[in-house]
Amino acid sequence: MKGRLYSFLAVVAILFFAFLAGFALLHPGLPPTHDGEYHVIRFFLFNEALRDGNLYPRWAAHLNNGLGVPLFNFVYPLPNYVASILHFVNISFIDSFKISMFLATIIGGVFFYLWSKEFWGRLGGIVSSVFYTFSPYHFVDIYIRGSIGEVWALGFFPAFLWAYTRFVATKRKTFLVFSSLSLALIIFSHNILALMFFLFSLSYIFLLICIEKNKKYLILYTFYLILLGLGLSAIFWFPAIYETKYVTGLQIFDVASHFPDLYQLLIPSWGSGFSGGGLQNELSFQIGIANLIAVFLSTIVIFLQVKRKDKKVYYSLFFLVWFVFVLFLMLGISKPVWKLVPFMNYFQFPWRLLSIEILFASFLAGSIFSLVGSKHAKIRMFFAILLVFFAFILGIRYAKPAYYMYRDDKYYTSRSNFIDGTNSPGNVFNTIYLKSIPAKEKERTVFLKGKGEIILTKARSNVYSFEINAIANSEIQANLAYFPGWEVYVNDKKESLKSAQNGRFTFLVPKGKNKVEIIFKDTLVRKISALISLASLGFMIALLINKRSVTIKK
């Protein structure tokens, strides 16, 4: 009973500090973040597509001056689903943006506690969780960048690490399934951070397997775990990778221009500007004084653990090595590595590695308790309170925006400067067929050749129906940006499409009255990816309900 009470109090403490970290998000108004306004528009368009019957939207209909753009085929979907669920209960998209990040902060704090507790006990888990929650870069993501996808990924990182750690310890399939689910949720949250974290997680998996005796079974089921997580999220990443060749503007940042200097990583700073915009009011790249001191103290602990032959030294040393390696990768001296490894350009900004750097430092913060023996309960408690207070005091000053913009959803959804672009920095994202954003058209379809009357009978985000009365055989231009998946049916018969010079497409209609439907459908790649995700989901459910094989053979 005493152990359960302590566990309950520990979780209450974690929830309390996570609440304080995200409390400013509950204030009325929208913080002026880099990405926040983009996400309000995305939420609106994604929700519209869901209401139109698209369970997994890929097309953003109103963007691109009404010609549309395949935005959701390439943008991480989880924040959009969360916002749509919140909007379903009459919460505005602006408030959904804030509540979503608040929930992600809570989830990250709880799972970081559960994970680090596996190694450092309750007090160590609390300390690590508070360090993670109050890391400066965490607040940069929330209150400066407004990168809701990254905030969700930061929430699910420790969820995967906890679930896999428990799977290795217990061999229970429940944790195997939860590990797969967490991996999929990270991918759905932010594809760039997912790749970054996946590379690290492979090394973490290798470490745990090396320490265990039953390596054969762990290797086999870990392989299944990864396949299951990738399979569940295939509906997103598979088409996004394959169909990248049909769009432009996904890689618009020069990695070489975004290396922070060493002093920027070590010395506290704060600003609401952008990376590469000059020192004045530039984005903060600090690791955090609390985190740096935690890494320093943990280094001392590692030295002492080696002398005592403590097995925990392997975990601490592993994370310390990763911390130093990532620190190296964020500095300009690592440019040859970035050039040598092609996929690293996908990360866009070297300082984005702070997302996992704060994870390493926060985990190491919990190891400091190894300096105090388990018999000295009061000293350990005092030490824990001191460390938590230290991380809280140094971090809480960043847990707020500069100010709030008091606007409603309509302010964004009705203004041309927000809704008529491509919802990307500089409006550079588009299909390869459109060289630039064309002028806005009044009609969805027009006669390119021939004459007659066109009546729009239905308009949804991915379906348009018309009655076309052509005086003669005619060619009709659809004022829609061409992208694989658009199909035209004239009198229930599929018609071949012709590409127009301006990136749109045309089709032929015969003389007389015609019923025309223009539908955005899934390509073969999208259908296959959806089937893989459905099959993976079904397999996960089957594993959970199969009571005869709850535990893997040890």
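This write-up is about the structure you can find in this document. This one's a predicted model, so the numbers in the text were calculated from it and none came from an experiment.

### Let's talk about the sheet that holds strand β10 (residues 505–509)
Working step 1: Strand order in the open sheet made by the 4 strands is β3-β6-β10-β9, with antiparallel pairing throughout. The sheet terminates laterally at β3 (445–449) and β9 (498–499), the two strands that pair on one side only.
Working step 2: Looking at chain direction, β3 and strand β6 (residues 474–478) are connected through 4 bridges and run antiparallel. Bridging from a neighbouring strand, Phe 447 pairs with Ile 476 of β6.

### Looking at unusual backbone geometry
Working step 1: The phi angle at Asn 65 is positive, at roughly 55°, despite the residue not being glycine.
Working step 2: With respect to the helices and strands, Asn 65 occurs in the loop between α2 (36–51) and α3 (78–88).
Working step 3: Look at Asn 65 and you get buried, because its relative accessible area is 16%.

### Quick word on the side chain of Ser 536
Working step 1: Mapped onto the fold, Ser 536 is located in helix α19 (residues 524–545).
Working step 2: Setting aside residues no more than four positions away along its own chain, Ser 536 makes contact with Leu 228, Gly 231 and Leu 232.

### Some thoughts on the pairing of β10
Working step 1: Where burial is concerned, most of β10 is hidden: 4 out of the 5 residues are buried.
Working step 2: Here β6 runs beside β10; their pairing, made up of 5 bridges, is antiparallel. Opposite Ala 478, over in β10, you have Phe 505 as the bridge partner.
Working step 3: Of the pairings in the sheet, the one linking β9 to β10 comprises 2 bridges and is antiparallel in character. By the bridge assignment, Lys 498 is partnered in β10 with Thr 506.
Working step 4: In sequence, β9 turns back onto β10 through a hairpin of 5 residues, with Gly 503 there showing a positive phi of about 85°.

### So, the side chain of His 39
Working step 1: Relative to the helices and strands, His 39 is located in helix α2.
Working step 2: Residue classification places His 39 among the buried positions, given a relative accessible area of 2%.
Working step 3: With residues up to four places along the chain from it excluded, the contact list for His 39 reads Tyr 76, Phe 97, Gly 146 and Ile 148.

### Focus: the layout of surface pockets
Working step 1: When its volume is computed, the largest pocket comes out at roughly 1,400 Å³.
Working step 2: Tyr 76, His 190, Asn 191, Ile 192 and Gln 348 are the residues nearest the centre of the largest pocket, which is lined by 45 residues in total.
Working step 3: At the level of secondary structure, the elements contributing two or more residues to the lining of the largest pocket comprise α2, α8 (191–211) and α10 (234–242).
Working step 4: The element best represented in the lining of the largest pocket is α8, accounting for 5 residues.
Working step 5: Classifying every residue of the lining of the largest pocket by side-chain character gives 25 nonpolar, 15 polar and 5 charged.

### Here we look at the pattern of salt bridges
Working step 1: A full pass over the atoms with the stated rule returns 15 salt bridges.
Working step 2: Measuring nitrogen to oxygen at the nearest pair gives 3.7 Å for the salt bridge that ties Asp 522 to Arg 58. With Asp 522 in the loop between β11 (512–520) and α19 and Arg 58 in the loop between α2 and α3, this pair connects stretches of sequence that are 464 residues apart.
Working step 3: Since its relative accessible area comes to 36%, Asp 522 is described here as partly exposed.
Working step 4: Between Arg 526 and Glu 243 there is a salt bridge; the shortest N-O distance is 3.1 Å. Pair noted here: Arg 526 is in helix α19 and Glu 243 is in the loop between α10 and β1 (247–248), with a separation of 283 residues, a long-range link.
Working step 5: Each member of the salt-bridge network shares a partner with another, and the members are Asp 141, Arg 145, Glu 150 and Arg 352.

Conventions used here
- Residues numbered from 1 in each chain as written.
- Predicted model: local features only at pLDDT ≥ 70, side-chain atom pairs only at ≥ 80, totals over all residues.
- Heavy atoms only, no water.
- Pairing = 2+ DSSP bridges.
- Helix = DSSP H or I, 4+ residues; strand = E, 2+ residues; numbered from the N terminus.
- Buried < 20%, exposed > 50% of the residue type's maximum accessible area, 1.4 Å probe, protein only.
- Contact = heavy atoms within 4.5 Å.
- 1 Å grid on protein atoms, 1.4 Å probe; cavity = no way out; pocket = protein on both sides within 12 Å on 5 of 7 lines; lining within 4 Å.
- Points joined across faces, edges and corners; volume = space filled by probe spheres on them.
- Nonpolar A, V, L, I, M, F, W, Y, C, P; charged D, E, K, R; others polar.
- Salt bridge = Lys/Arg side-chain N within 4 Å of Asp/Glu carboxyl O.

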